[in-house]
2 protein chains.
Amino acid sequence: MKFHVSVFVGVVHFLSLTSGKAVYGNGISQRTFQEIKEEIACYGDVAKAIINLAVYGKAQNRSYERLALLVDTVGPRLSGSKSLEKAIQIMHQNLQEDGLENVHLEPVKIPHWERGEESAVMLEPRIHKMAVLGLGSSIGTPPEGVTAEVLVVTSFDELQRRAPEARGKIVVYNQPYTNYSRAVQYRVQGAVEAAKVGALASLIRSVASFSIYSPHTGIQEYQDGVPKIPTACITVEDAEMMSRMASRGSRIVIQLKMGAKNYPDADSFNTVAEIVGSKYPEQVVLVSGHLDSWDVGQGAMDDGGGAFISWEALSLIKDLGLRPKRTLRLVLWTAEEQGGIGALQYYQLHKANISNYSLVMESDLGTFLPSGLQFTGSDKARAIVEEVMCLLEPINVTQVFRAGEGTDINFWIQAGVPGASLLDDLYKYFSFHHSHGDTMTVMDPKQMNVAAAVWAVVSFVIADMEEMLPRS
Amino acid sequence: MKFHVSVFVGVVHFLSLTSGKAVYGNGISQRTFQEIKEEIACYGDVAKAIINLAVYGKAQNRSYERLALLVDTVGPRLSGSKSLEKAIQIMHQNLQEDGLENVHLEPVKIPHWERGEESAVMLEPRIHKMAVLGLGSSIGTPPEGVTAEVLVVTSFDELQRRAPEARGKIVVYNQPYTNYSRAVQYRVQGAVEAAKVGALASLIRSVASFSIYSPHTGIQEYQDGVPKIPTACITVEDAEMMSRMASRGSRIVIQLKMGAKNYPDADSFNTVAEIVGSKYPEQVVLVSGHLDSWDVGQGAMDDGGGAFISWEALSLIKDLGLRPKRTLRLVLWTAEEQGGIGALQYYQLHKANISNYSLVMESDLGTFLPSGLQFTGSDKARAIVEEVMCLLEPINVTQVFRAGEGTDINFWIQAGVPGASLLDDLYKYFSFHHSHGDTMTVMDPKQMNVAAAVWAVVSFVIADMEEMLPRS
Ligand SMILES: [Zn+2]
Ligand SMILES: [Zn+2]
């Protein structure tokens, strides 16, 4: 390794004190937009070379094949699990063998939760074994389970109105799926709200755009001062059925058993590799995805795809013998699914260098055929990113949308760093998200080729332009 | 009951002997097609009344609500199960309470198979609990299971080529899904072909157009003289993963446990109800769906929907005070999934009356928004059906396709009776078919309204026209 991270942070910190945030971060540029446009247009040949290599050349299907090998070998990679540990070791070796620079691991303490054995059986009005997945961080039930009558509600408002009915019951949330960010509140806070009104457990309709009787897990959060009750997700199908039964006046009784346990924090790592910048090595364009996943399926889509097109972006640039002026840094986050634990640690460790971050990128919404780039940043920065995206005209992915995001890059975006994320078919994404169905079968090598090309062109050009992206 | 079925058969048999097949069955009609067209055009107001009642009037959503109540109450209805028995009793009562005529049950002996406890665990190259569903009629494994190395093949041809490798192994079929009828051969004959080359068990990639890690069960068939081996379906995802592993040279070992058992045949019934014809009561238009299902999900789509739009067709006609010249007969088949057992029995009991069957109809491919009617029959009959379908112009379902079909009506079709089936979105249908995902969540009340209107208009008009549909 040429630069160990702790040394590197020191250097960067020094630079940001002497050169000042203004030069790199505030976009006080003497150049006209016309000059910048012309600069970007000069990358047409580079963009074509990247596209040719990724989509039509010898690198095609590489990110898919690499991903398949990893996830077939280690399976899903839950925070705190042996398989996540193994995946990090394999990736550390993979990145070294790929010839990337500064390949290293940055230690992080991460949550360790295991679901154990689980079951949910409807006892009344008829016997029915239900598919169930405990929610991350949930406590378990006693060994004999929790057996109680069910109260079905479709919203937190309804739960409040019917609070007197909830005591001693299992609350079933059958909230509609309008969009992910709205529906996911029930998964995250459903147990706390149910516990506040005296429920013994809560079951949440899976947050999914489409279902074939598939439960979709995810993190939930307890709250200080509110009793912890066991909580799990059930299928859309069973939530709807119980809603119909309740509306007919049927008494519903469920026996819920969960062997879930929280263990002491485990040791883990963010996995880092670079192509060091030729002119401004202290300046960074960060490309990333997270390596951890839920403990079902293969974590191929969430977020194997994002992690592997991020690696692929650096591989493509390296294979073409390109070296941008700024450092391209790949980060494979750990414990994103537990609330961006690895990313928070990274932010705290590296934020002193914030003025040197030109752009933070994360792909964590699928690597299907991209519809474009989501971007958060100043209008001037957006105009530049729009020009860069024009370079992707040959593969017809040129759109720039609002609201670049990603659990792992949001720390930086909120602190004013421009951020970009890959957007594609969210209906498809949330059909498989956090379910047993998140496997390589969902992934398409040709679509990953295109996603990797977008990722490589954007990260390379932004890293190589004369100036950093201007901030607000 | 006004006409008991055995009496009815006698009468009909007599008529077919005296009047001869020619009059009713062979379409030797003196009328021109223009006259027939004019006759059909006169049903415009009746068709509109049916459509108004079913789609916009007080009957809207009725078939959906009736179906939801049944399948929420009894759940799935496997051949030989208590829940199928209960469903038949409930339907018998429902049809009587609905005021239909000749409501009765026709006894049938049906297969009784139970899956018991099942599991499939990949032991090598890594531990992975797989979703599995034993196939109908499969034997079980010994209690300790069958543990063996896997041979993955993608076709029967490949199995033949690699026959020496199969002995003592578990054969995994990863056949592509080109269409249902091609892929389903692997489910039906996979065990026999694997046993012929010495395999201990066979696992079949689920026959499905789309998967979220969902196994899709179904019937399989042993062959005399070939050893019976346990057989189950696995998910598309696991079949594809094992294919990838095998192509990398990995050794795959699976432990399969199946508690499946075949029991002596059980007592069951086809459920029958009628609106008796006013002028030719011995002549029949048969509308049908099957009441049994697999033992997963709710059997809401396959074939609750078909059974309930068939009932709804008679309800709509009755509610409008209509009585066709011929008898409209509703049959809810039993044990279709075991190979049309109820329908075969019905055919044998009633085939003497075949010349009096104007049209046999079955809906068993979903009751989503219909794309049209599949029809098998003479060109003259097709021309008439096409005219009838023009009456459905107000709801834009006018297309007539080739190849009317249905396990339960094929006996009649093969014997020359015109046959019709409802066609809709088969990709959607085979996403849920025979899986835990076949629930009311798949069903759409508005789409069922339209399907029921199509079913009612076609069956009523064909039953009420002056002449039977001409045969070849
Ligand atoms: Zn993710
Ligand atoms: Zn069926």
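Residues numbered from 1 in each chain as written. Chains lettered and ligands numbered in written order. Predicted model: local features only at pLDDT ≥ 70, side-chain atom pairs only at ≥ 80, totals over all residues. Heavy atoms only, no water.

Bringing the coordination of the zinc ion (ligand 1) into the picture now. Under ideal tetrahedral coordination, the four donors around a metal are separated by 109.5 degrees; under ideal octahedral coordination, the six donors are separated by 90 or 180 degrees. Coordination of the zinc ion (ligand 1) by the protein is provided by His290 of chain A (NE2), Asp302 of chain A (OD), Asp364 of chain A (OD) and Asp364 of chain A (OD), with metal-donor distances spanning 1.8 to 2.7 Å. Relative to the metal, the four donor atoms surrounding the zinc ion (ligand 1) lie at angles of 52 to 145°, and the coordination shape comes out irregular. (Donors = N, O, S within 2.8 Å, 3.2 Å for Na, K, Ca; no water. Tetrahedral: all angles 85-135°; square planar, octahedral: opposite > 155°, others 65-115°.)

Moving on: the coordination of the zinc ion (ligand 2). Residue and element names in this part refer to chain B. The zinc ion (ligand 2) binds to the protein through His290 (NE2), Asp302 (OD), Asp364 (OD) and Asp364 (OD); the donor distances cover 1.8 to 2.7 Å. Geometry at the zinc ion (ligand 2) is irregular, judged from its four donor atoms and the angles of 52 to 145° they form at the metal. Mapped onto the sequence, the donors of the zinc ion (ligand 2) take the spacing H-x11-D-x61-D. Highlighted residues: histidine 290 in strand β11 (residues 280–290) and aspartate 364 in the loop between β13 (357–362) and β14 (372–376), separated in sequence by 74 residues. Histidine 290 sits in the buried class, given a relative accessible area of 0%. (Helix = DSSP H or I, 4+ residues; strand = E, 2+ residues; numbered from the N terminus. Buried < 20%, exposed > 50% of the residue type's maximum accessible area, 1.4 Å probe, protein only.)

Looking now at unusual backbone geometry. Aspartate 303 of chain A follows aspartate 302 of chain A through a cis peptide bond whose omega is 5°. Here aspartate 303 of chain A lies in helix α11 (residues 300–319). Even without glycine at this site, asparagine 102 of chain B takes up a positive phi of about 50°. If you trace the backbone, asparagine 102 of chain B turns up in strand β1 (residues 101–114). For asparagine 102 of chain B, a relative accessible area of 2% corresponds to the buried category. Of note, histidine 434 of chain B is a non-glycine position whose phi angle comes to about 60°, a positive value. When you line up the elements, histidine 434 of chain B lands in the loop between α15 (426–432) and α16 (445–464).

Note on the identical chains: chain A maps onto chain B by a rotation of 180° and an axial translation of 0.0 Å, with an RMSD of 0.0 Å. The relationship between the two copies is best expressed as a two-fold rotation axis. Taking the C-alpha atom as reference, chain A places isoleucine 212 of chain A closest to the rotation axis, 3.1 Å from it. Comparing interface residues between copies, 100% of those in chain A also sit at the interface in chain B, which points to an isologous, same-surface contact. (Least-squares fit on C-alpha atoms with pLDDT ≥ 70 in both. Contact = heavy atoms within 4.5 Å.)

What follows covers the nonpolar core. In this structure, Val458 of chain A together with Val458 of chain B are the most contacted members of the largest nonpolar core, which totals 178 residues. By size, the runner-up hydrophobic cluster in this structure holds 52 residues, among which are Ile219, Ala232, Cys233 and Ile254 of chain A. (Core = buried A, V, L, I, M, F, W, Y, C linked by side-chain atoms within 4.5 Å.)

What follows covers helix α16 (residues 445–464) of chain A. All names here are of chain A. If you check α16, its first and last C-alpha atoms are 28 Å apart, about what 20 residues at 1.5 Å a residue would give, namely 28 Å. By the criterion of burial, α16 is predominantly enclosed, with 18 of the 20 residues buried. For α16, the side-chain oxygen to backbone nitrogen distance between the N-cap and lysine 446 is 2.8 Å, and the N-cap itself is aspartate 444. (Expected span 1.5 Å × (residues − 1). Polar contact = N/O pair within 3.5 Å; in protein donor to acceptor, adjacent residues only side chain to side chain.)

Residue and element names in this part refer to chain B. Nearest to the buried, unbridged aspartate 364 among oppositely charged side chains is arginine 77, at 9.5 Å. Of note is the side chain of aspartate 364, whose polar atom sits 3.1 Å from the side chain of histidine 290. Not counting residues within four places of it along the chain, the set of residues in contact with aspartate 364 comprises His290, Asp302, Asp303, Glu336 and Tyr429. (Lys, Arg positive; Asp, Glu negative; His and termini not counted. Salt bridge = Lys/Arg side-chain N within 4 Å of Asp/Glu carboxyl O.)

All chains considered together, the criterion is met by 50 salt bridges over all chains. The partner of lysine 318 of chain A in a salt bridge is aspartate 319 of chain A, and the shortest N-O contact between them spans 2.7 Å. Relative accessible area serves as the criterion here: at 25%, lysine 318 of chain A is assigned to the partly exposed category. By relative accessible area, aspartate 319 of chain A is classed as partly exposed at 30%. In this structure, the salt-bridge partner of arginine 31 of chain B is glutamate 467 of chain B, at a minimum N-O distance of 4.0 Å. With arginine 31 of chain B in the loop between α2 (21–25) and α3 (33–41) and glutamate 467 of chain B in the segment after α16, this residue pair connects regions lying 436 residues apart in the sequence. A cluster of three or more residues bridged by salt bridges with shared partners is formed by Arg62, Arg66, Asp98, Glu312, Lys318 and Asp319 of chain A.

Residue and element names in this part refer to chain B. Judged by pairing direction, the sheet is mixed, and its eight strands sit side by side in the order β3-β2-β9-β5-β6-β7-β8-β4 without closing on themselves. Two strands close off the open sheet at either side, each with one partner strand: β3 (128–130) and β4 (132–134). Strand-to-strand twist across the sheet, computed as the mean angle between neighbouring axes with direction ignored, equals 30°. Taken together, the three bridges between β4 and strand β8 (residues 231–234) define a ladder with antiparallel strand orientation. Paired with valine 132 across the bridge in β8 is isoleucine 234. (Pairing = 2+ DSSP bridges. Axes fitted to C-alpha atoms, helices over the stretch in contact; angles between N-to-C directions.)

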